Amino acid sequence: IGAVAVGIALPLVTKPFVGQSAPYLSFIPAVLFSAWYGGFVPGLVTTGLLVLSTFALSNVLFTSNTAPGSRLWGAFMFVLAALTVCLVIRAMRLAQAAALAAASTARDAESRAQAERDRLDLILHDLPVGVVIATEQGKVERANPAAMEIYGAGIRPGDELPLRRPASPLERSLQDRETIVNEEIDILRLDGSSRSLMINS
């Protein structure tokens, strides 16, 4: 109703300054407002009410020399333009809603992934067995305290996977995708001491 009132008032206010009236052109902002804030149907309702108001107030809205045929042509063109505006705004609102839904889904997925990472970190932290998780390229993603104690040094994300050397179980696992189960190896720790390990990879 407010959009229709503004749409009717705008040509009445501008008519004395312009010298002629073009109500259909000045109705477009009212349709824009109504369609954006109300939706597709309110935009169409506003369009219909504005067209009806031009017939009811034709002597007030139009200058006296405006031919009835041009008024009808103007009404037809206005309805087409208003319908286009309503459809474009509807598409924009649907795209905006889809983008918001996708962003919300992404946030939820990230929250779930972070909760799983936190749970994994908690489990790994308390394991007495050394665990190192690495990428296929041999870059460390995470390592638990037991693994660092075994290795004798800190193991940070992004580091090269420790204990890699040609033909070692870890190298065979990375290069050949071989599953290593309980293979014993001897290592030399960074402090110079030796240790026997059982590797699973």
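Residues numbered from 1 in each chain as written. Predicted model: local features only at pLDDT ≥ 70, side-chain atom pairs only at ≥ 80, totals over all residues. Heavy atoms only, no water.

(A) Main features of the overall build of the protein chain. On a plain count of helices and strands, the protein chain comes out with seven helices and four strands. Ordered by position from N to C terminus, the α and β elements of the protein chain give α-α-α-α-α-β-β-α-α-β-β. Against the globule reference of 17 Å for 201 residues, the protein chain gives a C-alpha radius of gyration of 37 Å, more extended than a compact globule. The dimensions of the protein chain, computed from C-alpha atoms along their principal axes, are 105 × 30 × 25 Å. Long-range pairs, those at least 24 residues apart, make up 42% of the contacts in the protein chain between residues at least 6 apart in sequence. Accessible surface, the protein chain: about 12600 Å² in total, of which carbon and sulfur atoms supply 64%. Side chains of the protein chain give 17 positive and 18 negative charges; the mean places of these two sets differ by 18 Å. (Helix = DSSP H or I, 4+ residues; strand = E, 2+ residues; numbered from the N terminus. Rg over C-alpha atoms; globule rule 2.2 N^0.38 Å. Contact = heavy atoms within 4.5 Å. Areas by Shrake-Rupley, 256 points an atom, 1.4 Å probe, with all protein chains shown as cover. Lys, Arg positive; Asp, Glu negative; His and termini not counted. Charge placed at Lys NZ, Arg CZ, Asp CG, Glu CD.)

(B) Representation of the pairing of strand β3 (residues 183-188). By the bridge criterion, six bridges tie β3 to strand β4 (residues 194-199) in an arrangement that is antiparallel. When the sheet's bridge partners are listed, E183 is paired in β4 with I199. (Pairing = 2+ DSSP bridges.)

(C) Region of interest: the side chain of T54. Tracing the chain through its elements places T54 in helix α3 (residues 40-56). With a relative accessible area of 1%, T54 lands in the buried category. A distance of 2.4 Å separates a polar side-chain atom of T54 from the backbone oxygen of V51. (Buried < 20%, exposed > 50% of the residue type's maximum accessible area, 1.4 Å probe, protein only. Polar contact = N/O pair within 3.5 Å; in protein donor to acceptor, adjacent residues only side chain to side chain.)

(D) Spotlight on the nonpolar core. Core analysis: the biggest nonpolar cluster contains 17 residues, and I8, Y24, F27, V31, L50 and F78 have the highest contact counts within it. For this core, the secondary structure elements donating two or more residues are α1 (2-18), α2 (23-38), α3 and α5 (68-126). Ranked by the residues each element gives to this core, the list is headed by α5, at six residues. Those residues in contact with V31 that sit more than four places away from it in its chain are G43, T46, T47, L50, F78, A82, V85 and C86. The next biggest cluster of nonpolar side chains, apart from the first, holds 12 residues, and it includes A147, I155, L170 and I180. (Core = buried A, V, L, I, M, F, W, Y, C linked by side-chain atoms within 4.5 Å.)

(E) Local environment of α5. For α5, which comprises 59 residues, the first-to-last C-alpha distance of 87 Å matches the rise-based estimate of 87 Å (1.5 Å per residue) to within 8%. Taken together, the buried positions of α5 are R71, G74, A75, F78, A82, V85, C86, I89 and L124. Close packing links the buried residues of α5 with α2, α3, α4 (58-61), β1 (132-134), β2 (140-143) and α6 (145-151). (Expected span 1.5 Å × (residues − 1).)

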